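# Coordinates in review
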Amino acid sequence: MSVSEDTNGLWFEHGQLVPRMSKLAATDIDELLGGGIGNCGTPFIVTDATQDWSCKDWTFDWLKETYGHIAVETAASFESPVRMTGRLGDYIDYITDERDPAGRVPHGFDYVDPETGDPVDHSAAVPDGPQYLVSWDLEEISSIADHFHQPYFMRSRNLLDRLMPETKRGLFNKHTFAFIGPKGSLSQLHNDHDHTHSYLSQVIGRKKLVLFSPAEAHLVAKVDRFGFTIGGSGVDPRKPDLKRFPHLMDAHPFECVLEPGDLLFLPSGWLHCAYGLTAGVSVAKDSVDHLNFGKWFQSMAVTNLPKLASRIVQHPSFQAEAVIPDWAAQSRTDPSILSFLTRHYQA
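Here the structure is a predicted model, which is why all the values come from computation and not from measurement.

The rules behind the values
- Residues numbered from 1 in each chain as written.
- Predicted model: local features only at pLDDT ≥ 70, side-chain atom pairs only at ≥ 80, totals over all residues.
- Heavy atoms only, no water.
- Pairing = 2+ DSSP bridges.
- Helix = DSSP H or I, 4+ residues; strand = E, 2+ residues; numbered from the N terminus.
- Contact = heavy atoms within 4.5 Å.
- Axes fitted to C-alpha atoms, helices over the stretch in contact; angles between N-to-C directions.
- Polar contact = N/O pair within 3.5 Å; in protein donor to acceptor, adjacent residues only side chain to side chain.
- Salt bridge = Lys/Arg side-chain N within 4 Å of Asp/Glu carboxyl O.
- Buried < 20%, exposed > 50% of the residue type's maximum accessible area, 1.4 Å probe, protein only.

### Some words on the sheet that holds strand β2 (residues 20-21)
Taken together, the 7 strands give an open sheet; going across it, the order is β2-β3-β13-β10-β15-β8-β7, and neighbouring strands pair in mixed fashion. Either end of the sheet is taken by a strand with one partner, and the two such strands are β2 and β7 (133-137). Sheet topology note: the β7/strand β8 (residues 176-181) ladder contains 3 bridges and is antiparallel. Pairing of Trp136 across the sheet is with Ala178, part of β8. Against the sheet, helix α3 (residues 88-96) contacts β7 and β8, and its axis sits at roughly 45° relative to β8.

As C-alpha cells, then:
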C-alpha cells in the first residue's frame, strides 16, 4: 500500500505536491481555477498573500489575553456527536499543554447537545480525538476578522464582497472562520459548503493537508446529488481502507504542509483533509466568482429557500390581501408549506 507513515512527507506515494507560487496575475487565476482535473481547477499555495495582514503577529498569549473570555464550541471532528463548550482562554491552555491532548478535555468545558447546545451528561464519554475548535465563526467578532481579508488576487473577483453586509449575513452561510487546534487535530475529508472557493491561511504552527478534485470525489468518499461529502464517509489518508475505496489509487491526490504565512487556495468543491502537525491557528474566507457562481447560487437557494420565502411573505408588498398568493398566506400559519417547497425545489 503506497501510504507513508511520515506525516511530514507524502501520505500517498503517487500523490503530488500542491504548487507554490507568488505574484499572481488575473490570467493565472483563470487558468488555476478553470483547468486541472475535470476542469475543476487546481489548488495552489501563495507565499506573498498575507504580507499586509496583521494576524501575522498573533500569538497564543495574545489570543488568550484579547479573546480568552469568549465562549467557543469544540469537537473531535465535524462529525463527532460529542461537543463541548467553554472559554477560549481555557481552550488555549489545553492545546498548548505539552501533554497528549487525546483523551483529555479542556478545563472548565461542559458537554453540550450538538443540535440544541443544551448541557448534557457525557461525563463517562471518552472523546474520540483531541478537541478541535473547528470553523469558529468570526463574522460576529468584527475586531478579529479585520486582521485578515481576501488575498490580492481575489479582491476584484469576489462577488460576495459586493453584497451589503446585512444581506450577506442575513441570507447566506458564514464565510469567515478560524481553526484552532492541538497537535493531532483532524478535519476529516470534506468539501466546503455552497460550492464556494476558499482559502486556508496558516497563522501559527504547521498543518498537513491532502486534497482531491471534485471530479474524483466518488473515488474517495460518498457524495450527495449536489457533490457534497456525506458525514464522515471520506477516506482517512492516514490509514486508507481499500476495501471501502477499491479505486482509491486511481485518484490523484495533492498534498502539502502549510507553514506560517502560507495561503492555500481551494477551488470550488475540492475535497480536503487537514491534520495538525503542531498546535496551530489557521484563518479562512470563502469567495464566489464567475466560475463557480452558478453552482453557488443553486446551492445557496436550496439551503436558504425557507429563509428566503419567510422574508418574502413578510415583505410589506404582501400585506395587502388583494395581492398575497395563497401559498404565502398559508405559510404564515403552516410551516410545513416551507418544508414542502424546499423538498419540491430539491427534487
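### What to know about the sheet that holds strand β1 (residues 16-17)
Taken together, 5 strands build an open sheet; the order of strands is β1-β12-β11-β14-β9 and the sheet is mixed. Bordering the open sheet on either side are β1 and β9 (186-190), each of which pairs with just one other strand.

### As for the side chain of Arg83
Among the structural elements, Arg83 can be located in strand β5 (residues 83-87). At a separation of 3.4 Å, a polar atom in the side chain of Arg83 contacts the side chain of Glu73. Contacts of Arg83, omitting those with residues within four sequence positions, involve Glu73, Thr74, Ala75, Ser77, Phe78, Asp110, Tyr111, Val112 and Pro114.

### Digging into the pattern of salt bridges
Side-chain pairing between opposite charges can occur once the charged atoms of the two side chains come close. For the structure shown, the criterion picks out 10 salt bridges. Residue Asp30 pairs with Arg157 through a salt bridge whose shortest N-O separation is 2.8 Å. Pair noted here: Asp30 is in helix α1 (residues 26-34) and Arg157 is in the loop between α4 (142-145) and α5 (165-171), with a separation of 127 residues, a long-range link. Here Arg157 falls in the buried class, since its relative accessible area comes to 12%. In this structure, the salt-bridge partner of Lys208 is Glu255, at a minimum N-O distance of 3.2 Å. Residue Lys208 is located in strand β11 (residues 207-212), and its partner Glu255 is located in strand β12 (residues 254-258); the two are separated by 47 residues in the primary sequence. The class for Lys208 is buried, based on a relative accessible area of 1%. Beyond isolated ion pairs, a larger network of salt bridges with shared partners links Asp30, Arg157 and Asp289.

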